Every structure is written in C-alpha cells, then in structure tokens.
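# Examining the three-dimensional arrangement
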Amino acid sequence: YTRFRKDFLRKHVDFPRTQSPNNNQYCDVMMMRRGMSSSGRCKDLNTFVHTDPQNVVQVCRNQPDRAIRTTRQRFPVTVCKLIRRKPSCRYRGTQRNHRVQVGCLRGLPVHLNNTFP
Amino acid sequence: MGLDDCNLSSNNCKDLSSIIHTNPSLKELKLNNNELGDAGIEYLSKGLLTPSCSLQKLWLQNCNLTSASCETLRSVLSAQPSLTELHVGDNKLGTAGVKVLCQGLMNPNCKLQKLQLEYCELTADIVEALNAALQAKPTLKELSLSNNTLGDTAVKQLCRGLVEASCDLELLHLENCGITSDSCRDISAVLSNKPSLLDLAVGDNKIGDAGLALLCQGLLHPNCKIQKLWLWDCDLTSASCKDLSRVFSTKETLLEVSLIDNNLRDSGMEMLCQALKDPKAHLQELWVRECGLTAACCKAVSSVLSVNKHLQVLHIGENKLGNAGVEILCEGLLHPNCNIHSLWLGNCDITAACCATLANVMVTKQNLTELDLSYNTLEDEGVMKLCEAVRNPNCKMQQLILYDIFWGPEVDDELKALEEARPDVKIVS
C-alpha cells in the first residue's frame, strides 16, 4: 500500500487536475510539488493521470502479482518532458486522452508502465 | 527571499510590502506561483517603491496578474535603478499591458538587465514597443519571449531591432513563438552581429532543415561566439546534420546543444559524431533524446567517446538503442579519454541482460557520477546487478536514477539497505 501511495499516487495521479495557466507551467509546478523536480535533479519524463484513482485501481483488482494491465477506458493525461535544467528545470507539457497501463502488486497499481491512444 | 508556491494571496502582500520596506538590504524576492492578483501587486508596490528599497531580482511568474498590474510594474521599473531582473512570465499581461511595461523600460532610471516575458499572451503588435525599449536600454542582457504567438513578421522586426540596438544581448529565447524558416535569415543576422550573444533558444518552432541551414550561416560567422544552442522539436532531419556538423567542428565556443525530438536518425547522428571527433569540437553537453536513433549509430558515438575529452553530458534517452547499442556505447565509455560524468539512457529498450556491462562501467569509470536508466525493463535481476555495483567501494557515482522500473519487494529491501551501506550514492526512484 505504501508503494501505491508513495510511488503511484504521488507521481502519477492528479485529480481533479490542478489549475494552471498552461501545460508547461502545469508540469513545472506539479513536478516540483510532487518531489520530482528540485535543485537540478529533475525527472526526465513523467505522466500524470487525471481521473479518480479508483478507476486505475480497478484494473489491478484480483490480478496476480507483477501483472501488467491496461485500462479499457481512456483518461485525460498530461505528459511532462524535461526541456532544460539550468537555471531551473523547465518542462514541456502535452495533454492527451489515453488508456493507462500499470504494473500491479497485491491488487494495487504501483508502477505506470505506459499510456496508449 | 524564496516564497515560490507558498499559497500566498493578495492579503499577504500587505505584510510582504512591510517586509520590503523595513529590509532595505533585501536583494532577491521570489513569489512565483502564488495567487497574488493585480490587487496583490498594488499592495506590494508600496514596499517596492520605497526609496530605500534596493531589490535587484523580482520573480512574479504565474501570479494571476493581468494588464492591470502593468502600470504598477511600469512605476517600479521607472523608480528603482537597483532592479536588474524582472520575471513576469505565465501572467496574462497581454500586448497592451506589456506596452505599458515597456514605457517603464524606456525610463533612463531603469537599469534592467534580464526581462522574462514567457507565456504573457503577447502578439506581433508588441514588437514596436519592444524595439523602442531595446534602443533605450543598453543594459539589457537577457530577453525571453518564449511561448507568445509572435509570428515571422514580428520576429524579423525584432531581430532587426536587436541588430540596431546598442545593448550587448547575451541571451535570446524565442521558443514556441510561431517562427518558421522565414525568420531564420534575420535571426542569423543577430548571430553574426552580436558577439555578445551566448545563449540562443529557438526550440519548438517549425524552422525545418531550410531554416537551420540559414541559421548556420550566422552560427559559422567569426563574430558569433555562441555557447548554448537550443533547437529541440524544430522539425529537423538528418539533412540538417551536415550543416550542424560544420558548426560542431568549427565553433569552439559552442558548449551546450539540445536537439531533442528531431528526426535526426542514425545517419544524422553519424555525421554529428564525425564532427565531434574534431579537436576543435569543444561541446560539453549534448541532448539527443528522442531523435530516432538505434543501435546502428552507437559505434559512431562510442568512437567519439574514445577520442573526445570535452563531452561531459550525453542525453541519448528515448531512442531504441537496445542492449546491443548500449553495450557498444559502454566500450567507448570505458576508454580513458572519455570524460562523460552524466549519461541519460532512459527508455532505451535496455533489459537485464545489459546490466552486467553497465555495472562494470559503474565500478570502473570513476568520473561517471550520474546515470539515468529509468523506464527500461530491467526487472529485479537487472536492478540487483546494479545494486551490487553500488555496494562496490570503487563505484563513485552520486546519482543512479531508476524511475519507472517495475520491481518487486525484494528490490525495495535491497535499496533500503543500500541507503545505509552507501549513503553517498543517491538512488532515485
């Protein structure tokens, strides 16, 4: 459960989507708030999913450990890609509507594997 | 004073104003990502306009400001010669608002050096006012207008203004400004006329190979002393690499280049590699993430690593290099000439099979301090091999980045143990 909370929710779920004037700023702020962007150490690529976490948890329910499962439904996501590190980390954000593929452990998503159109 | 993203609102600005007023030694104030609003800036201005205020740097990005704040900002610019940096991007200031701001720039009291106006909803009409301000402001060193829909006509006009202006501009950022190859001749003119220009960013503009060819004319000019060149997502293909190669192998001042998200492909990369073997190539940092590269170009890259002592940072993630490609890269990495300290191989189709070689590099290469292997299917087996390398006292790494790798609880335990065994090696996940 800790990994669900610590890894998955923190890094990959933002619902309702935090307000921001534009997608780039969204990424700059969210990557920092969620601890993936600080003093030159910034995650290169990250995807935020904007749906009730239950919608993603469902896909792992009753699944074997280490299963990789994809949601049937598409959800709004924001993909953040690092564009520069100096003087501060800046991202380019892109919004998509994608199916979400996760890795499951003990019935909970702990890993975001990929997203698909 | 750093107060970014602190949930401050306009009410807090009264207190902030007092703080500014009673602390004449305050030099820097960061208030990014706080909902201050126009009302907040109004309160803040009382402190900012105090004669004893000697604030040098002010950050107000994403503070929910509109054109209504610009009159205040104009006053501050006109009254405070100590202010050298103003960052007001990500606020809907608009063309009308920034025109007012430019009036402040025109004031002889204003000694501004850095102006950041990214994402301010500016349009082509702003250029006339900007050019007038540039003419009046020889102190200006950095100008960022990224993410404003300026278009070619405006950018060309801006470039002509920059060439005429007496300011020794060091940084020009025009990313995502709606620039095409049409503007490149004029941007090139800035490059060949301003030896002061060290940092040019035109990423996220569809300049294409034709535009790049024109830019290179300016880049190759003896007057051009460019150090940092950001050309990500510019619609470049391998055809651009011929001209880029000439720049890499002749422009000794060039230190950092980003070519992220351009379809350079193996043939393009091979051309760049050829240039990077030239003794005049002093490039220190190269970002070629997501450039359509495969294992096929790795031999050329490896060859560079075995002769080039200048290259320190190589970002080659998001390319299908595979285990085969990375194994070849590692050969070059291990060469004593190679001074790479930061290597990014995220999402490169690497699996557990490659981890023995990577582990060997980690314990052999004393100057490799940062390695990113995120988003590769290394599995428990691969990650454990890397952990073993971290345990080795010969591993002098500072950061091992392992984001988005699916592993089991046994690996979690080992990582926790490593925090105690090797606290000096940060494993980021």
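Here's what I pulled together on the structure shown here. (Residues numbered from 1 in each chain as written. Chains lettered and ligands numbered in written order. Predicted model: local features only at pLDDT ≥ 70, side-chain atom pairs only at ≥ 80, totals over all residues. Heavy atoms only, no water.)

### Topic: the interface of chain B and chain A
Where we set the bar: Whether two residues are in contact is decided by their heavy atoms: any pair within 4.5 Å suffices. Accessible area that two parts lose when put together, evaluated with a 1.4 Å probe and summed over both, is termed the buried area. Salt bridges, as used here, are contacts in which a Lys or Arg side-chain nitrogen is within 4 Å of a carboxyl oxygen on Asp or Glu. Pairing of N or O atoms within 3.5 Å defines a polar contact, subject to two protein rules: one partner must be a possible hydrogen donor and the other a possible acceptor, and residues neighboring in sequence count only if both atoms are side-chain atoms. Going along the chain from the N terminus, every DSSP run of H or I of four or more residues is numbered as a helix, and every run of E of two or more is numbered as a strand. Polar here means any residue outside two lists: the nonpolar Ala, Val, Leu, Ile, Met, Phe, Trp, Tyr, Cys and Pro, and the charged Asp, Glu, Lys and Arg; Gly therefore counts as polar.
Tallying the contact residues gives 44 residues for chain B and 38 residues for chain A. For the pair chain B and chain A, the summed buried area comes to about 3,400 Å², and 43% of that belongs to carbon and sulfur atoms. One can count 13 salt bridges joining chain B with chain A. One can count 20 residue pairs in polar contact (both at pLDDT 80 or more) joining chain B with chain A. Elements with a contribution of two residues or more to the side of chain B that touches chain A: β8 (228-230), β10 (285-287), β12 (342-344), β13 (370-372) and α15 (409-421) of chain B. By residue number, the principal contributor to the side of chain B that touches chain A is α15(B), which donates three residues. Considered class by class, the residues forming the side of chain B that touches chain A number 13 nonpolar, 11 polar and 20 charged.

### Digging into the side chain of Asn46(A)
All names here are of chain A. Structurally, Asn 46 is set in strand β3 (residues 45-49). Within the structure, the side chain of Asn 46 is placed 2.9 Å from the backbone oxygen of Lys 11, a separation counted as a polar contact. One polar contact links Asn 46 to His 12, side chain to side chain, over a distance of 3.4 Å. Excluding residues that lie within four positions of it along the chain, Asn 46 makes contacts with Lys 11, His 12, Met 31, Met 36, Thr 78, Val 79 and Cys 80.

### Brief notes about the layout of surface pockets
Counted only if it meets this: Residues are said to line a cavity or pocket when one of their atoms sits within 4 Å of a point; the points come from a 1 Å grid over protein atoms alone, cavities being sets where a 1.4 Å probe fits but cannot get out and pockets being open sets with protein on both sides within 12 Å along at least five of seven lines. Grid points are joined across faces, edges and corners, and a volume is the space filled by probe spheres set on the points.
Taken as a whole, the largest pocket spans an internal volume of roughly 1,100 Å³. For the largest pocket, the lining is made up of 49 residues, of which Pro87(A), Ser88(A), Cys89(A), Arg90(A) and Gln61(B) are closest to its centre. Among the elements that take part in the lining of the largest pocket, helix α2 (residues 23-33) of chain A stands out by supplying five residues, more than any other. The class makeup of the residues in the lining of the largest pocket is 13 nonpolar, 18 polar and 18 charged. Empty space within the second largest pocket amounts to approximately 780 Å³. Elements that contribute at least two residues to the lining of the second largest pocket include exactly β3, β5 (75-84), β6 (90-105) and β7 (108-116) of chain A. Counting residues per element, the lining of the second largest pocket draws most heavily on β7(A), which supplies five residues. Here the lining of the second largest pocket is composed, by residue class, of 12 nonpolar, 13 polar and 12 charged.

### Looking at the state of the cysteines
Selection criterion: What counts as a disulfide here is a pair of cysteine sulfur atoms lying within 2.5 Å. Burial status follows relative accessibility: with a 1.4 Å probe on protein chains alone, a residue under 20% of its type maximum counts as buried, one over 50% as exposed, and anything between as partly exposed.
Throughout the structure, instances matching the rule amount to three disulfides over all chains. Residue Cys60(A) pairs covalently with Cys104(A) via a disulfide, S to S 2.0 Å. Of note, the bridge from Cys60(A) to Cys104(A) carries an S-S torsion of about -75 degrees and is left-handed in sense. You can see Cys60(A) sitting in the loop between α3 (53-57) and β4 (68-70) and its partner Cys104(A) sitting in strand β6, a full 44 residues away along the chain. Of the two residues, Cys60(A) and Cys104(A), neither departs from the other in class, the shared state being buried. With no disulfide of its own, Cys184(B) lies 8.3 Å from the sulfur of Cys234(B), the closest cysteine sulfur.

### Considering the pairing of β7(A)
Residue and element names in this part refer to chain A. Here is the rule we go by: For two strands to count as paired, DSSP must find a minimum of two bridges between them.
Here seven bridges tie β6 to β7, and the two strands are oriented antiparallel to one another. Paired with Gln 101 across the strands is Asn 114, a residue of β7. If you look at the hairpin formed by β6 and β7, you'll find two residues sitting between the two strands, and Arg 106 has a positive phi there, around 50 degrees.

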